[in-house]
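Given next are the chains, with one letter for each unit.
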Amino acid sequence: MERDVARAKRSSITQPPTAHRAEENPTAVRTFSRTGSEVGLFVDKSFPVHYNSKLVWKRPKDICVSPKFIVDGATRTDVCQGILSDCWFLSAVASLSQHRALLERVVPEGQGFDREYTGCFRFQFWQYGEWKEVEVDDFLPTEGGQLVYLHSAERDEFWSALLEKAYAKLKGGYQALQLGFPHEALVDMTGGVTEIFTIPLLPPDLAGFLRPLLEKGALINCVNTQGEMEKKNEQGILFKHAYSVTGLEKVRCYLGEADLVRVRNPWGHTEWTGPWSDNSWLEWAKVSAEEQARVQRVQQIDGEFWMEVSDFQRNFNMMEVCHLSDSTLSGPGAVTRPWECATHHGSWVPGISAGGPPSVAGRYWLNPQFRMTLLEEDDDPSDPALTCSFLVALMQKHQRQKGVTLDIGLHIYQVSTNKMYLPSWDLARAQPLIGTPQYNQQREVVIRSALAPGHYIIIPSTSMANQEGEFVLRVYTEKGNKAVPADKVSSDLRDKFPTPAVSVLPSQDAARELFMKHAAAGGRCGAVELQGLLKEVIVTGALAGSREGFCLERCKSFVALMDTRGLGRLELEEFEALWEKFRKWTDIFVHFDKNRSQSLDYPEIIPALQAAGLQVDDFVLQLIGLRYTDPDLTISYPGFLHLLLKLDIMIGRFHSFHTLGNGTITLHYRQWLHSTMYN
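Residues numbered from 1 in each chain as written. Predicted model: local features only at pLDDT ≥ 70, side-chain atom pairs only at ≥ 80, totals over all residues. Heavy atoms only, no water.

Draft legend 1. A look at the overall build of the protein chain. Along the protein chain, the regular secondary structure elements total 20 helices and 22 strands. Classification of the 679 residues of the protein chain by burial places 53% in the buried group. In the protein chain, the share of contacts with a sequence separation of at least 24, taken over all contacts with a separation of at least 6, comes to 75%. For the protein chain, the exposed surface amounts to about 30000 Å²; the carbon and sulfur share of it is 51%. (Helix = DSSP H or I, 4+ residues; strand = E, 2+ residues; numbered from the N terminus. Buried < 20%, exposed > 50% of the residue type's maximum accessible area, 1.4 Å probe, protein only. Contact = heavy atoms within 4.5 Å. Areas by Shrake-Rupley, 256 points an atom, 1.4 Å probe, with all protein chains shown as cover.)

Draft legend 2. Layout of the packing of helix α19 (residues 637-657) against helix α20 (residues 669-677). It is at 12 Å that the axes of α19 and α20 come closest, and there the two elements cross at 165°. Comparing the axis directions of α19 and α20 gives the class roughly antiparallel. Of the two elements, α19 crosses α20, and the hand of that crossing is left-handed. On α20, the residues that touch M650, R653 and F657 of α19 are Q671, H674 and S675. (Axes fitted to C-alpha atoms, helices over the stretch in contact; angles between N-to-C directions. Parallel < 35°, antiparallel > 145°, perpendicular 65-115°, else oblique. Left-handed = near helix turned anticlockwise from the far one by under 90°.)

Draft legend 3. A look at the pattern of salt bridges. On inspection of all chains with the given rule, the structure shows 28 salt bridges. Between R443 and D188 there is a salt bridge, with its nearest N and O atoms 3.0 Å apart. You can see R443 sitting in the loop between β16 (434-435) and β17 (444-451) and its partner D188 sitting in helix α6 (residues 182-190), a full 255 residues away along the chain. Here R443 and D188 have matching classes, each one buried. For R474, the salt bridge identified is with E444, shortest N-O distance 2.7 Å. With R474 in strand β19 (residues 469-478) and E444 in strand β17, this pair connects stretches of sequence that are 30 residues apart. When sorted by exposure, R474 lands in the same class as E444, which is buried. A network of salt bridges, in which partner residues are shared, links K171, E184, D188 and R443. (Salt bridge = Lys/Arg side-chain N within 4 Å of Asp/Glu carboxyl O.)

Draft legend 4. Focus on the nonpolar core. If you look at the biggest cluster of nonpolar residues, it comprises 64 residues, and the most contacted ones within it are W585, L609, F640 and L643. The dominant element in this core, judged by the number of residues it contributes, is helix α16 (residues 572-592), at nine residues. Counting residues in each nonpolar core, the second largest holds 55 residues, with F139, L170, Y174 and L186 among its members. (Core = buried A, V, L, I, M, F, W, Y, C linked by side-chain atoms within 4.5 Å.)

This is the structure in structure tokens:
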């Protein structure tokens, strides 16, 4: 997992300058001048550098006569560790090289040192749900004419060394790769979800545990953390050093069968010396040549070796598994991936959607919620339970750049078929079916389990309320199961809202008389007339203090939203439609204004929207909190009317354009400008 820190210090290697700073290194200048290969070629001036006079930065054409990007395909033997303590990254690359489709996503084809060579190479890494391209030049650090960092066993092959440089740029320089964990690199290069296991706690039948993972295309790394860093145990396994699991086979012997696991050391040397090792003739002598060929046994010290599963369990104690999905990569040559992935981006916003842990009564429900539907059971004849497998991963974003890592966790609750989300009163008495054991200060936390067919709510949260952060939630399911953001505002309360015997606002007949009183010539009501009408109505009563909130700009918005002709005024029929909405929404506002403050707290907005029958999801609720509330996260009575009118009209306009029934609409240029500029 980590290499020897002391060794890194002894090497005294820090990041040297790239070619654009070669004048600081006379040796480098002579090297460049000798070949002239740098003239007109790309130089990456943005690469993070740290001067070191011991290293000479050279392009591959200055290292060997005929450099190649890839020789005979990219394989795990192309990954040999140098003096950097980045075996965690190398073990991930070795695992990636087992799957051509995955590797080609990270290492795009068509690059090389032929006639179109420009000195520029491009790689792609997964970052929070998106693939990001990283561009580097091909200046690589050397000493004595040899690459000092990652290199291939073939002297003229450079794809792996350039990949390491691109990843170093993504992370902040070569020194940023000193010490780490393979699962982080696996996620960055696959977009998968990783789990960490303690091997002694796994089922005794480890082969049965590993086989379905490998069959599903999972990438696996392992480590022995029990000894002094870089020292070996009596059978050649290095302590605190990351290895890749590259295969599992049931090998037929003359006396029976043996479960063997194939492991690779990214150093390219220092192998297992126990039973079934490359130097152990006793066990392999009992296996036919045909069987050895079937499992692709190679008898040489190349860093890869076979060992019996029982020996694997005794010599490694930690394992990292990277699960892949159909969204990770698709196309010809892709590995089998049964998982379907739903990816959702979200955030915890203080006061709005950062409710904290379940112990924070009355606030926990404000956290983003996601509804998971499990209907299709697993196709596993060996499993008698009728369950649906799934995996939920919560990753916090940009914590390295911000220098802040939150304690995060996940909880999953069961709900009825018609329940779209869990309100505070339900959560007060509900217990999660599954949850992370504790809040963890990790980049990502994962739950992998199986539940009976049904409907569930996933709630990601932080260990304290009102902590700000962004996250990516990924839900892996099989077959037709799915997960979507929960609609906290649905029609659940519309029928439960008690209609008052007497409305707060005047009746339609009284409003019609007010319209005629305030209307301009021609019987039309513009923003000025509407403002005067509203101020007269609200001069006394429960909402009298809100009178000044009906400013001219807000009244312009009321008129524009109801005005379908773009004339800036309302006819009587349009005014009556507006008044009907205002009467209903005013009664709702007064009902939910429990403390009679003539404003609603943010948590009160949600049931008020429910009572109005307006449906929005968590993200829109967050936007409402940011856009329509005052600095104290309350919304005034005039602001409430504005919010509901905006929502009601825009939802209605969507449905008027929604002719195909596929959840999308098409607008021409004039319709788009009308909908966005005049409302």
